[in-house]
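Architecture at a glance
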Amino acid sequence: MLQQNSLIKAADLLSKSSFTVAFTGAGISVESGIPPFRGPGGIWNQYDPKVLDLNYFHLHPQESWIVIKEIFYDFFQNIEPNPAHKTLALWESQNSVNVVITQNIDHLHQKAGSQNVIDFHGNAHRLVCLSCHWKTEDFQSLLKNLPPLCPKCGEILKPDFVFFGENIPQLAYQNAFEAAQKAEVFIIIGTSGEVSPANQIPVIAKQNGAVIIEINNDKSLYTNNLTDIYLSGKASEILLALQHIINENNKNHYHA
Ligand code: APR
Ligand code: ZN
C-alpha cells in the first residue's frame, strides 16, 4: 500500500473505532529532544544499562546514581511535549483515543494534556525509599549528594520508575492488559518492541481482535508480523497527517 492510502485507511479506522488505545515508546519523545534507548544515538550505546539493573543499583548506588542523574535528571530538564503528544491529547478530548499506555517515564503525555495515561514503567518525577517506601516529588536538593538518602530512615532513594529486574506496578500492569483486550484499534508509536513484558501488550490486543496501526521511522520487532498498517515516519509528522485527513473528512461530512 502506498503510504497515502495507508494514512487514509488508518484515519478511517480511527474515526470508526469505539475503543482506541495508543501504546508509546521512546520514539514519541525523540522530537522533544530526548534520545531513544536503542538505535542511532541511543542512550544504551553511550551508557551501560546495568546501572538500571536493580541488583547492580543495590551494590553500586553511587556509581549508578551518577549516571541516572545525568541521563534522567540533567538531560531531561526543560523538555516539552511535541505535536505527537499533543495530537494524542486532542484525540482523547474528542473521545477518539481512550487510553494511552506509555513505556516512557518523561511525563510528556500528561504535560500535553492526556488524562488517561498508564505509566507502565513508572515515572521519573518521584523518588522512593527502598526501605520505608517514603516518596517525594520535591527532590532537587536531595540530588546534591549522590546517592540521595531518605530523610526519614537514611536508606537510599531510587527513582520511582521500573528498573530491569523489577516488577511492573501492579495496577499499571492490570490496566494496560485490560485496555489492550478491549481495543478495537491499537496504535503503536515509536517503540522497538524489545522490552518485556511491555512488548506483550500489543500481542494481547491483536489476539483479542484489535487492528494494529504502527508509527515508526524504522522497522520494529512488530512491523513484519503483528502490524496491520505500518506508517513510516516521525511520530509527529504521521500523527499530524492523520489529524489533517480526519479534519478534511469531518468537513466533507458536515457540508454534504
Ligand atoms: N518517530 C517515531 N519513531 C521513532 C522516532 C521518531 N521521531 N525516533 C525513533 N523512533 C523509533 C525507533 O525506530 C525505535 O523503534 O522509536 C523506537 C525506540 O525504541 P527504544 O529506544 O528501544 O525505546 P522503547 O521501545 O521505548 O524502549 C523500551 O527499554 O530501556 C528500556 O525501560 C526502557 O521503556 C524503555 C524500554
Ligand atoms: Zn526511608
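Please read these numbers as outputs of a predicted model, since none were measured by experiment.

Counted under the stated rule, the structure contains twelve aromatic pairs. When the centroid spacing of 6.3 Å and the interplanar angle of 55 degrees are considered together, the rings of Trp44 and Phe164 count as tilted. One end of the pair, Trp44, is in helix 2 (residues 43-46); the other, Phe164, is in the loop between strand 6 (157-161) and helix 7 (170-182), with 120 residues separating them in the sequence. Classification of Trp44 as buried rests on a relative accessible area of 14%. Look at Phe57 and Phe163: their rings are 5.2 Å apart centre to centre, the planes differ by 80 degrees, and that puts the pair in the edge-to-face class. Of this pair, Phe57 sits in helix 3 (residues 54-59) while Phe163 sits in the loop between strand 6 and helix 7; the two residues are 106 residues apart in sequence, bridging distant segments of the chain. For the pair Phe57 and Phe163, one class covers both residues: buried. Taken together, the aromatic side chains of Phe57, Phe72, Phe76, Phe161 and Phe163 make up a single cluster linked through ring pairs. When the ring centre of Phe163 is taken as reference, the NZ or CZ atom of Lys158 above it lies at 4.4 Å.

What follows concerns the domain arrangement of the protein chain. Partitioning the protein chain into domains gives domain 1 (1-34 + 81-121 + 167-256) and domain 2 (35-78 + 124-161). Each of domain 1 and domain 2 was reduced to a C-alpha centroid, and the two centroids are 28 Å apart. When domain 1 packs against domain 2, close to 890 Å² is buried across both sides, 71% of that on carbon and sulfur atoms. Three residues, Ala26, Ile34 and Ile105, lead the burial of domain 1 against domain 2; their summed loss comes to 54% of the area buried on that side. Taken together, domain 1 and domain 2 are joined by one salt bridge. Close ionic contact of Glu194 with Arg38 constitutes a salt bridge, the shortest N to O distance being 3.9 Å. The interface formed by domain 1 and domain 2 includes one residue pair in polar contact (both at pLDDT 80 or more).

Bringing the site of ligand 1 into the picture now. What surrounds ligand 1 is a group of 22 residues, the closest being Phe37, Arg38, Thr191, Ser192 and Asn216. The contact in question runs from an oxygen atom of ligand 1 to an N or O atom on the side chain of His121, over 2.9 Å. Contact with the protein chains covers 92% of the free accessible surface of ligand 1, which is 740 Å². Of the residues that make up the shell around ligand 1, three or more belong to each of domain 1 (1-34 + 81-121 + 167-256) and domain 2 (35-78 + 124-161).

Turning our eyes to something else, we now look at the side chain of Ser29. Its place among the elements puts Ser29 in the loop between strand 1 (20-24) and helix 2. Its relative accessible area of 1% is what places Ser29 among the buried residues. The contacts of Ser29, once residues within four sequence positions are left out, are Ile34, Asn82, His85, Asn104, Asp106 and Leu108.

Here we take up the coordination of the zinc ion (ligand 2). Put simply, the ideal angle at a metal is 109.5 degrees for four donors in tetrahedral geometry and 90 or 180 degrees for six donors in octahedral geometry. Distances from the zinc ion (ligand 2) to its protein donors, Cys129 (SG), Cys132 (SG), Cys150 (SG) and Cys153 (SG), fall within 2.3 to 2.4 Å. Every donor counted, the four donor atoms about the zinc ion (ligand 2) form angles of 100 to 118 degrees at the centre, which fits tetrahedral coordination. Sequence spacing of the donor residues for the zinc ion (ligand 2), all on one chain, is C-x2-C-x17-C-x2-C. Here the residue Cys129 occupies a position in strand 4 (residues 122-129), and Cys153 occupies one in the loop between strand 5 (135-136) and strand 6, the gap between them amounting to 24 residues.

What counts, and where the lines are drawn
- Residues numbered from 1 in each chain as written.
- Chains lettered and ligands numbered in written order.
- Predicted model: local features only at pLDDT ≥ 70, side-chain atom pairs only at ≥ 80, totals over all residues.
- Heavy atoms only, no water.
- Phe/Tyr/Trp six-rings, centres within 6.5 Å; stacked < 30°, edge-to-face > 60°.
- Helix = DSSP H or I, 4+ residues; strand = E, 2+ residues; numbered from the N terminus.
- Buried < 20%, exposed > 50% of the residue type's maximum accessible area, 1.4 Å probe, protein only.
- Lys NZ or Arg CZ within 6 Å of the ring centre and 35° of its normal.
- Domains from an automatic or database assignment.
- Buried area = accessible area lost by both parts, 1.4 Å probe.
- Salt bridge = Lys/Arg side-chain N within 4 Å of Asp/Glu carboxyl O.
- Polar contact = N/O pair within 3.5 Å; in protein donor to acceptor, adjacent residues only side chain to side chain.
- Near = heavy atom within 4 Å.
- Areas by Shrake-Rupley, 256 points an atom, 1.4 Å probe, with all protein chains shown as cover.
- Contact = heavy atoms within 4.5 Å.
- Donors = N, O, S within 2.8 Å, 3.2 Å for Na, K, Ca; no water.
- Tetrahedral: all angles 85-135°; square planar, octahedral: opposite > 155°, others 65-115°.

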